[in-house]
Amino acid sequence: MKIICIGRNYADHAKELGNDIPDEPVIFMKPKSALLQGHTPFYYPEFTNELHYECELVLRVSKNGKYIPERFAGNYYNAITVGIDFTARDIQEELKSKGLPWEKAKAFDNSAAVGRFMDITPALNKKNINFCLYKNKELVQQGNSGKMIFSFDSIVSHISNYFSLNIGDLIFTGTPAGVGECVVGDELEGFIEDGMLLTMDVK
Ligand code: ZN
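Residues numbered from 1 in each chain as written. Predicted model: local features only at pLDDT ≥ 70, side-chain atom pairs only at ≥ 80, totals over all residues. Heavy atoms only, no water.

Student: So what exactly am I meant to see when it comes to the pattern of salt bridges here?
Tutor: Pairing between side chains of opposite charge can happen when the charged atoms of each approach one another. In total, this model carries 10 salt bridges according to the counting rule given. Here Lys-96 and Glu-93 are joined by a salt bridge, their closest N and O atoms 4.0 Å apart. Of this pair, Lys-96 and Glu-93 both sit in helix α2 (residues 89-97), separated by three residues, roughly a single helical turn. Residue classification places Lys-96 among the partly exposed positions, given a relative accessible area of 25%. Among the charged side chains, a network of salt bridges with common partners joins Lys-30, Glu-54, Asp-85, Arg-89 and Lys-106. (Salt bridge = Lys/Arg side-chain N within 4 Å of Asp/Glu carboxyl O. Helix = DSSP H or I, 4+ residues; strand = E, 2+ residues; numbered from the N terminus. Buried < 20%, exposed > 50% of the residue type's maximum accessible area, 1.4 Å probe, protein only.)

Student: Hey, could you run me through the sheet that holds strand β10 (residues 130-135) in this one?
Tutor: Consider a sheet: its strands pair through backbone hydrogen bonds, and that pairing is either parallel or antiparallel. Reading across from one edge, β11-β10-β14-β15 is the order of the four strands in this open sheet, with antiparallel pairing throughout. Unpaired on one side and paired on the other, β11 (138-144) and β15 (195-201) mark the two borders of the sheet. Ignoring which end each strand starts from, the neighbouring axes of this sheet average 15° apart. Of the pairings in the sheet, the one linking strand β14 (residues 187-192) to β15 comprises six bridges and is antiparallel in character. Looking at β15, one finds that Glu-187 is bridged to Asp-201. (Pairing = 2+ DSSP bridges. Axes fitted to C-alpha atoms, helices over the stretch in contact; angles between N-to-C directions.)

Student: Got a minute to help me understand the coordination of the zinc ion in this structure?
Tutor: At 1.9 to 2.1 Å from the zinc ion lie its protein donor atoms, namely Glu-54 (OE), Glu-56 (OE) and Asp-85 (OD). Ordering the donors of the zinc ion by residue number gives the pattern E-x1-E-x28-D. (Donors = N, O, S within 2.8 Å, 3.2 Å for Na, K, Ca; no water.)

Student: I keep staring at the packing of aromatic side chains and nothing clicks. Help me out?
Tutor: When we look at a pair of aromatic rings, we describe it by the centre distance and by the angle of the planes. Taken as a whole and assessed by the stated rule, the structure comprises seven aromatic pairs. Look at Phe-42 and Phe-86: their rings are 3.9 Å apart centre to centre, the planes differ by 20°, and that puts the pair in the stacked class. In this pair, Phe-42 sits in the loop between β3 (35-37) and β4 (51-53) while Phe-86 sits in the loop between β6 (77-85) and β7 (87-88), placing the two residues 44 residues apart along the sequence. Classification of Phe-42 as buried rests on a relative accessible area of 0%. Taking 5.5 Å as the distance between ring centres and 65° as the angle between the ring planes, the aromatic pair formed by Tyr-134 and Phe-191 counts as edge-to-face. Of this pair, Tyr-134 sits in strand β10 while Phe-191 sits in strand β14, and the two are 57 residues apart along the sequence. (Phe/Tyr/Trp six-rings, centres within 6.5 Å; stacked < 30°, edge-to-face > 60°.)

Student: Hey, could you run me through the sheet that holds β7 in this one?
Tutor: Pairing within the open sheet is antiparallel, and its three strands lie in the order β7-β4-β13. Of all the strands in the sheet, just β7 and β13 (180-181) have a single pairing partner and so form its edges. Taken together, the two bridges between β4 and β7 define a ladder with antiparallel strand orientation. The partner of His-52 across the bridge, within β7, is Thr-87.

Student: Would you take a moment to explain the side chain of Glu-54 for this structure?
Tutor: Mapped onto the fold, Glu-54 is located in the loop between β4 and β5 (55-61). One polar contact links Glu-54 to Lys-106, side chain to side chain, over a distance of 3.1 Å. Those residues in contact with Glu-54 that sit more than four places away from it in its chain are His-13, Gly-83, Ile-84, Asp-85, Thr-87, Arg-89, Lys-106, Gln-141, Thr-175 and Val-179. (Polar contact = N/O pair within 3.5 Å; in protein donor to acceptor, adjacent residues only side chain to side chain. Contact = heavy atoms within 4.5 Å.)

Student: It is not clear to me how the nonpolar core should be interpreted in this structure. Could you clarify?
Tutor: Side chains that are nonpolar tend, in soluble globular proteins, to be buried together. Judged by nonpolar contacts, the single largest core of 44 residues is most densely connected at Phe-86 and Val-156. For Val-156, the residues in contact, after removing those within four places along its chain, are Leu-59, Ile-68, Ala-73, Tyr-76, Tyr-77, Leu-165 and Ile-171. Counting 12 residues, the second largest nonpolar core, distinct from the first, contains Ala-34, Ala-112, Phe-117 and Leu-170. (Core = buried A, V, L, I, M, F, W, Y, C linked by side-chain atoms within 4.5 Å.)

Student: Quick question: what am I supposed to make of α2 here?
Tutor: An α-helical turn contains 3.6 residues, so a residue and the one three or four places further along point in the same direction. Taken together, the buried positions of α2 are occupied by Arg-89, Ile-91, Gln-92 and Leu-95. Seen from one end, α2 has its buried residues packed into an arc of 155°, which puts them on one side. Count one or two residues on from α2 and you reach Gly-99, which has phi positive near 70°. (Arc of directions from axis to C-beta.)

Written out as structure tokens, the structure reads:
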């Protein structure tokens, strides 16, 4: 499986990091070794002094495909959860300033935390899903899928022009504003609507 991530998919977040609004989805990848799920703690990596959380909706691919037209893209994923795209922001800024790839800052071990998946049913309005992140019981990020620059279906279609999608692949769909630092001892809790799907201790 692979993990595909979308950057700058919320205008308010692009702005907070001083980035332009993209005219097509910004894509980067994380390897399988980045996946962190269940109740495993996240261990603060030694190479960073500025670890950020980015809370995102995550889709799970349920059907193999490539060159998927947007109007059929909804048939290619069937589960959703909330995840954290852990980012070594200091490393990322350094790499960005040199025009180098981001992987060391974004794709390291355990940098893709995902919560418990829930099925996407016809009752779920994919254009109006509220999600949020609490840090130490305090609300730090709040998003709604309706505010994404590129919708789930447009992301899936766009990705599949470059990378075949396979059953079990995960897609991080971008973070809203409010990203910030976490330190050892922090407790993170991710919600879709009022369902807590992710809990994570930073050790
Ligand atoms: Zn992200």
